[in-house]
Amino acid sequence: MFSSLNRARSLLSLIRYYSSEVLPQLTKDRYPNIKRGNYAVLTQDHLQYFVDLLGRNRVLNDPSDCETYNIDFIKSVRGYSQCVLKPQTTEEVSKILSFCDEHRLAVCPQGGNTGLVGGSVPVFDEVILSTTLMNKIISIDDISGVLVCEAGCILEELEHALGEQGLMMPLDLGAKGSCRIGGNVSTNAGGLRLIRYGNLHGNVLGVEAVKANGQIIDCLSTLKKDNTGYHLKHLFIGSEGTLGVVTKVVIHCPQKPTSLSLAFFGLESFDNILSTFKRAKKELGEILSSCEMLDAQSLNVVKTHLKLKSPIDDYPYYMVIETSGSNEQHDEEKLNRFLEGVMGDGLVMDGTVTNEPGKMRSIWDLRERITEALMYDGYLYKYDISLPIKDFYSLIPKMIERLGSDATRISGYGHIGDGNIHLNISVPKFRQDVLKKIEPYVYELTSQLKGSVSAEHGVGFRKPPYIHYSKSQNSIDLMKDLKKMMDPNNILNPYKVLPF
Ligand SMILES: Cc1cc2nc3c(=O)[nH]c(=O)nc-3n(C[C@H](O)[C@H](O)[C@H](O)COP(=O)(O)OP(=O)(O)OC[C@H]3O[C@@H](n4cnc5c(N)ncnc54)[C@H](O)[C@@H]3O)c2cc1C
């Protein structure tokens with residue numbers, strides 16, 4: 001608990017550091033080909049309406065108060081909105097959206113602002129609708145495992161509240177101390193537990209959302225089975241705030257495991273990672289709950305910038321394998337047999353296994369804090385890609401060869417169990433010429449390998465021009481039709497997800 005609170009604080013201080021000390025270039029200047037839509041410009045009358053509705057304290061319009069809301073976590077984009085609204089109820093969200101729709105004010109929904117594709121901040125001067133004050137847990141049913149809560153609940157706080165009832169969230173990610181469940185649902189966030197519990201399309205039982213015109217769509221079913229017509233909730237899961245603002249969610253939560261162990265391995269080759277993963281699936285079976293990999297550069301970055309310590313010697317690759325279950329003796333026996341096998345066969349060169357909470361936290365920090373550590377390198381070109389498992393690591397050597405001395409660090413880590421790699425290219429400062437060397441090349445390669453240009457982070461602002469590498473034209477056209485039907489004035493998160 002203490003260490004995760006520290007992590008959340010450190011994440012927040014990093015956000016503050018970057019937003020106040022090193023302001024990124026405005027998005028409109030960095031991407032001059034994107035033109036502002038024909039939206040109204042905020043006036044005193046608009047502001048007065050919001051103040052009358054929410055009160056002065058829940059309407060920010062001083063530029064310095066709005067600054068952190070205008071910059072994304074990896075400082076890749078910056079808007080210049082002068083209006084942050086903090087509703088507390090669904091009815092307030094409804095009134096805000098209906099007013100914005102009527103007056104053609106563009107809106108950018110925002111949760112914890114930890115998104116990594118530039119979707120959570122305005123591109124120009126869109127009004128920011130922040131869910132931070134919609135943070136109540138409505139109910140937890142410890143028999144069915146059903147959680148009902150507001151969209152602004154912080155993921156880690158939900159985890160703690162559920163833990164008291166013997167339950168846990170089906171998702172976990174490095175940004176848990178700051179990201180909010182409405183943001184998680186809107187991005188269909190993946191993370192460290194997806195291998196075991198699947199993605200949010202399976203775990204979200206119900207959603208309440210507000211459409212662009214202010215209409216409230218109540219799909220807040222708490223039932224596991226409900227085949228009454230179209231499954232509308234899925235429209236809001238992963239649509240990144242372009243079809244509606246999620247205000248409440250219902251999540252089916254698994255039982256919290258009573259036996260938990262974590263292994264950290266050093267390996268000599270990527271092929272050995274694949275063989276170890278295959279063995280883990282076969283020999284650990286139902287107790288395998290996470291399977292992650294990181295390369296030497298990813299470990300170096302947390303050792304260098306965050307002064308974290310690795311429990312084993314240096315190797316080219318590392319794996320983090322978590323098991324969780326309900327019978328400690330059974331789980332330990334399985335894990336020990338697996339360990340003896342992979343070490344005896346020379347797949348794993350060195351490793352450590354622990355079930356002590358403090359030691360497990362220290363190992364997870366090595367993996368979960370990589371993004372935070374990479375920020376200290378300077379500017380980060382970050383890619384989140386799904387690939388067929390045999391090609392999982394293939395982009396890294398290709399990018400190293402292509403970029404040569406243009407990059408200070410090229411690293412790869414990710415959810416090997418889900419075929420999802422995070423490719424990171426660090427440079428001291430943003431450079432347009434480096435960007436041109438990376439994109440669209442990285443997406444072309446991904447497409448040739450039959451991968452996806454976004455595995456779990458979404459499309460946001462940074463990927464609409466490349467969505468066609470992973471979606472057919474007919475599918476994109478259908479997405480555009482849905483958008484037109486649900487948000488005819490295009491006020492919700494414009495310039496995001498759909499190709500401009
Ligand atoms: C250190 C770190 C680790 C991460 N690890 C992972 C990981 O393992 N897996 C993963 O999938 N992601 C990961 N992410 C990315 C990010 O945390 C997720 O995308 C997360 O789900 C975003 O939640 P948020 O509340 O911060 O949303 P925001 O960043 O505020 O918003 C994300 C998108 O959702 C929209 N949105 C937010 N709230 C709402 C709402 N209530 N209604 C409608 N639209 C909304 C925004 O407009 C935006 O388009 C990581 C990020 C960091 C910084």
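Residue positions are given per chain, counting from 1 as you read along its sequence in written order. Only residues with pLDDT of 70 or above have their local features reported here, since the model is predicted, and side-chain atom pairs are shown and tallied only from 80 upward, although totals for entire chains, interfaces and linings are computed over all residues. Side-chain measures here rest on the full set of heavy atoms in the structure, leaving out hydrogens and waters.

- In the nomenclature of an unreviewed UniProt entry, the chain is known as D-2-hydroxyglutarate dehydrogenase, mitochondrial of Aquatica leii.
- Among the UniProt annotations of the chain, the heading Catalytic activity (unreviewed entry) holds the following wording: "(R)-malate + A = oxaloacetate + AH2".
- As its UniProt record puts it under Subunit (unreviewed entry), the chain is described as follows: "Homodimer." UniProt positions are given in the numbering used here, feature names are shortened, and annotations may be inferred rather than shown by experiment.

1. Observations concerning the overall build of the chain
Part 1: Strands are runs of DSSP state E lasting at least two residues, helices are runs of H or I lasting at least four, and both sets are numbered from the N terminus onward. When its secondary structure is counted, the chain shows 19 helices and 16 strands.
Part 2: Computed over C-alpha atoms, the radius of gyration of the chain comes to 22 Å, within 12% of the 23 Å expected from 2.2 N^0.38 for 500 residues, which places it in the range of a compact globule.
Part 3: Accessible area is worked out with a 1.4 Å probe on protein chains only. A residue is then buried under 20% of its type maximum, exposed over 50%, and partly exposed in between. For the chain, the proportion of its 500 residues judged to be buried stands at 58%.
Part 4: In what follows, a contact means two residues having at least one pair of non-hydrogen atoms within 4.5 Å. For the chain, the proportion of contacts with a sequence separation of at least 24, taken over those separated by at least 6, is 75%. Note that the radius of gyration is over C-alpha atoms, with the globule rule given as 2.2 Å times the number of residues to the power 0.38.

2. Regarding the pattern of salt bridges
Part 1: Within this document, salt bridges are pairs made up of a side-chain nitrogen of Lys or Arg and a carboxyl oxygen of Asp or Glu, the two lying within 4 Å of each other. If you walk through the whole model with that rule in mind, you get 25 salt bridges.
Part 2: One salt bridge connects K28 with D29, and the closest N-O pair in it is separated by 3.2 Å.
Part 3: Judged by its relative accessible area of 33%, K28 is partly exposed.
Part 4: The exposure class assigned to D29 is partly exposed, which follows from its relative accessible area of 40%.
Part 5: Residues E292 and R367 are paired through a salt bridge, measuring 2.8 Å at the closest nitrogen-oxygen approach. With E292 in strand β11 (residues 288-295) and R367 in helix α14 (residues 357-368), this residue pair connects regions lying 75 residues apart in the sequence. One exposure class covers both E292 and R367, and it is buried.
Part 6: Several salt bridges converge on common partners, so that one network encompasses E159, D172, K176, R193, R361, D365 and E368.

3. Focus on the domain arrangement of the chain
Part 1: Each domain of the chain was delimited in the assignment, giving domain 1 (2-130), domain 2 (137-252), domain 3 (259-370) and domain 4 (378-486).
Part 2: Computed from C-alpha atoms alone, the centre-to-centre distance between domain 2 and domain 3 is 29 Å.
Part 3: With eight residues of domain 2 in contact, the opposing surface of domain 3 contributes 13 residues.
Part 4: Both sides of the domain 2 and domain 3 interface together cover about 720 Å² of buried area, and 49% of this is carbon and sulfur.
Part 5: Throughout, buried area stands for the accessible area (probe radius 1.4 Å) lost by two parts on being put together, summed over both. Its largest share of buried area at the contact with domain 3, domain 2 owes to L192, I195 and R196, together 75% of the area lost on that side.
Part 6: Between E368 and K176 there is a salt bridge; the shortest N-O distance is 2.8 Å.
Part 7: N or O atoms within 3.5 Å of each other form a polar contact, as long as, within protein, one can give a hydrogen and the other can take it, and as long as residues adjacent in sequence are counted only when both atoms are side-chain atoms. In this assembly, domain 2 and domain 3 are joined by six residue pairs in polar contact (both at pLDDT 80 or more).
Part 8: Here the side of domain 2 that touches domain 3 is built from residues that sort into three nonpolar, one polar and four charged. Domain delimitation follows an automatic or database domain assignment. Classification convention: Asp, Glu, Lys, Arg as charged; Ala, Val, Leu, Ile, Met, Phe, Trp, Tyr, Cys, Pro as nonpolar; all other residues, Gly among them, as polar.

4. Things to note about the sheet that holds strand β3 (residues 107-110)
Part 1: Any two strands with at least two DSSP-identified bridges between them are counted as paired. Judged by pairing direction, the sheet is mixed, and its four strands sit side by side in the order β1-β2-β4-β3 without closing on themselves. A strand with exactly one partner marks an edge of an open sheet, and here the two such strands are β1 (59-60) and β3.
Part 2: Pairing geometry for strand β2 (residues 84-85) and strand β4 (residues 127-130), over two bridges, is parallel. Bridge assignment links V84 to a residue of β4, and that residue is I128.

5. Focus: the sheet that holds strand β8 (residues 216-219)
The strands making up a sheet associate through hydrogen bonds between their backbones, and the pairing can be parallel or antiparallel.
Part 1: Taken together, five strands build an open sheet; the order of strands is β5-β6-β9-β7-β8 and the sheet is antiparallel. Here the strands that pair on one side only, and so sit at the sheet edges, are β5 (137-141) and β8. The sheet shows a mean angle of 10 degrees between the axes of neighbouring strands, taken without regard to direction.
Part 2: Inspection of the sheet shows β5 paired to strand β6 (residues 146-150) by four bridges, in the antiparallel sense. Across the sheet, D141 pairs through a bridge with V146, a residue of β6. For helices, the fitted line uses only the C-alpha atoms of the stretch in contact; every axis is such a line through C-alpha atoms, and the angle between N-to-C directions lies from 0 to 180 degrees.

6. Quick look at the site of the ligand
Part 1: The local shell around the ligand holds 36 residues, among which P109, G111, G112, T114 and G115 are the closest.
Part 2: The backbone of G112 places a nitrogen or oxygen atom 2.8 Å from an oxygen atom of the ligand.
Part 3: G119 places a main-chain nitrogen or oxygen 3.3 Å from an oxygen atom of the ligand.
Part 4: Here the Shrake-Rupley method, with its probe set to 1.4 Å, supplies the accessible areas, and only the displayed protein chains count as covering residues. Compared with its free state, where it exposes 970 Å², the ligand has 98% of that area covered by protein.
Part 5: Going through the elements one at a time, β3, α7 (181-187) and β9 (245-252) are the ones with two or more residues in the shell around the ligand.
Part 6: Ranked by residue count, the leading element in the shell around the ligand is α7, at five residues.
Part 7: Residues belonging to the shell around the ligand are distributed by class as follows: 10 nonpolar, 23 polar and three charged. Definition of nearness: a residue and a molecule or strand are near each other if at least one heavy atom of the residue lies within 4 Å of the molecule or strand.

7. A short note on the packing of helix α16 (residues 395-403) against helix α18 (residues 441-448)
Part 1: Relative orientation of the contacting elements α16 and α18 amounts to 150 degrees, with a least axis distance of 12 Å. Like other packed secondary-structure pairs, α16 and α18 cross with a definite hand, here right-handed. Of the residues in α18, those in contact with L395, K398, M399 and R402 of α16 are Y441, V442, L445 and T446.
Part 2: Looking at the contact of α16 with α18 residue by residue, the class counts come to five nonpolar, one polar and two charged. By definition, any crossing whose near helix is turned counterclockwise from its far helix by less than a right angle is left-handed, and any crossing with a clockwise turn is right-handed.

8. Some points on unusual backbone geometry
Part 1: In this structure, P440 follows E439 across a cis peptide bond, with omega equal to 10 degrees.
Part 2: Here P440 shows up in the loop between α17 (432-438) and α18.
Part 3: Positive phi outside glycine occurs at N188, with the angle close to 50 degrees.
Part 4: With respect to the secondary-structure elements, N188 resides in the loop between α7 and α8 (194-197).

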